[in-house]
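Below are the chains, spelled out letter by letter.
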Amino acid sequence: MIVDPSRVTAWVFDMDDTLYPREQGVMRLVQERINLFLMEAVGLPGPEARVLQKQFLNEYGTTLAGLMANYQVDPARFLREVHDVPLDGLEPNPDLSAVLAALPGRKFVLTNAARGHATRVLNRLGVADRFAGVFAIEDMDLTPKPAPATFRRFLAAFDVDPHAAVFFEDTPRNLAPAKALGMTTVLVGDGHGHEVGDWIDARTPDLLDFLQPLAFRDAA
């Protein structure tokens, strides 16, 4: 068994497109808001703004990090505006809540999203009270995953032993620094077409399907 729950003291989850399926569309709405912000801030037409958005995401980890490195922007305004999206398509997930409650050890969210967005999403899913802590972009000093320093800061903030921790994430490259620090890594989803290397210990198309046997394996 790649993940032995009896040896895990910390379960760490990315949030968007990991705790809920990509098909529920939250990140598509956020990306549309990011594109609008870029069009205004940089003065590019829509198609060119989308190209720049992808470039920043690939090079810096988030569009905000790319903007801050190349332009003068107000990060607080960016985070507020791009995450101001409706969550009507996001479905509450009582099964996920039950699984998280049944897993031994502490549970955490490690997300490049803003804290306010994380709070809204976790409340909408009905799992906010299952987590011992949320580490958002503000806690990262606006330095997003996959920066190794961000992972070290998270581990220190919550006194997490990386060798007894599992990290679930939908972006393959964000799993690499976690693996280097000793965490067990699980890719959720198809990796968005990006490289999947030997820093990934396990893969699953569905988070709930992966967690259920671990949470309830000793149930009668």
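As the structure is a prediction and not an experimental result, all values here were calculated from the model.

### What about the overall build of the protein?
Right, on to step 1. Helix and strand counts for the protein stand at nine helices and six strands.
Right, on to step 2. At 17 Å, the protein has a C-alpha radius of gyration in line with the 17 Å of a compact globule built from 220 residues.
Right, on to step 3. Along the longest, intermediate and shortest principal axes, the C-alpha atoms of the protein span 60 × 35 × 30 Å.
Right, on to step 4. Within the protein, the fraction of its 220 residues that count as buried is 49%.
Right, on to step 5. For the protein, the proportion of contacts with a sequence separation of at least 24, taken over those separated by at least 6, is 63%.
Right, on to step 6. When the accessible surface of the protein is totalled, it reaches about 10,500 Å², and 50% of it is carbon and sulfur.
Right, on to step 7. Side-chain charges of the protein comprise 21 positive and 30 negative groups, with the mean position of each set lying 2 Å from the other.

### Here we look at helix H3 (residues 63–70)
Right, on to step 1. For H3, the full list of buried residues reads Thr63, Leu64, Ala65, Gly66 and Leu67.
Right, on to step 2. For H3, the elements touching its buried residues are helix H1 (26–42), helix H2 (46–60) and helix H4 (75–82).

### Comments concerning the pairing of strand E4 (residues 165–169)
Right, on to step 1. Of all five residues in E4, five are buried, a share of seventy percent or more.
Right, on to step 2. Side chains of E4 alternate between two faces, with Ala165, Phe167 and Glu169 and Val166 and Phe168 buried alike.
Right, on to step 3. Here E4 runs beside strand E5 (residues 184–188); their pairing, made up of four bridges, is parallel. Considered in E5, the bridge of glutamate 169 is made with leucine 187.
Right, on to step 4. Regarding topology, helix H8 (residues 172–180) serves as the crossover connection from E4 to the parallel E5, and that connection is right-handed.

### Considering the layout of surface pockets
Right, on to step 1. Put simply, the largest pocket is a space of about 1,100 Å³.
Right, on to step 2. Lining of the largest pocket is provided by 40 residues; of these, Met27, Gln31, Leu57, Gly61 and Thr171 occupy positions nearest its centre.
Right, on to step 3. Among the elements of the structure, H1, H2, H3, H4 and H8 are those that each provide at least two residues to the lining of the largest pocket.
Right, on to step 4. When residues in the lining of the largest pocket are grouped by element, the largest group, seven residues, is from H1.
Right, on to step 5. Along the lines of polarity and charge, the residues of the lining of the largest pocket split into 13 nonpolar, 14 polar and 13 charged.

The rules behind each value
- Residues numbered from 1 in each chain as written.
- Predicted model: local features only at pLDDT ≥ 70, side-chain atom pairs only at ≥ 80, totals over all residues.
- Heavy atoms only, no water.
- Helix = DSSP H or I, 4+ residues; strand = E, 2+ residues; numbered from the N terminus.
- Rg over C-alpha atoms; globule rule 2.2 N^0.38 Å.
- Buried < 20%, exposed > 50% of the residue type's maximum accessible area, 1.4 Å probe, protein only.
- Contact = heavy atoms within 4.5 Å.
- Areas by Shrake-Rupley, 256 points an atom, 1.4 Å probe, with all protein chains shown as cover.
- Lys, Arg positive; Asp, Glu negative; His and termini not counted.
- Charge placed at Lys NZ, Arg CZ, Asp CG, Glu CD.
- Pairing = 2+ DSSP bridges.
- Right-handed = clockwise from strand over helix to strand, strands pointing away.
- 1 Å grid on protein atoms, 1.4 Å probe; cavity = no way out; pocket = protein on both sides within 12 Å on 5 of 7 lines; lining within 4 Å.
- Points joined across faces, edges and corners; volume = space filled by probe spheres on them.
- Nonpolar A, V, L, I, M, F, W, Y, C, P; charged D, E, K, R; others polar.

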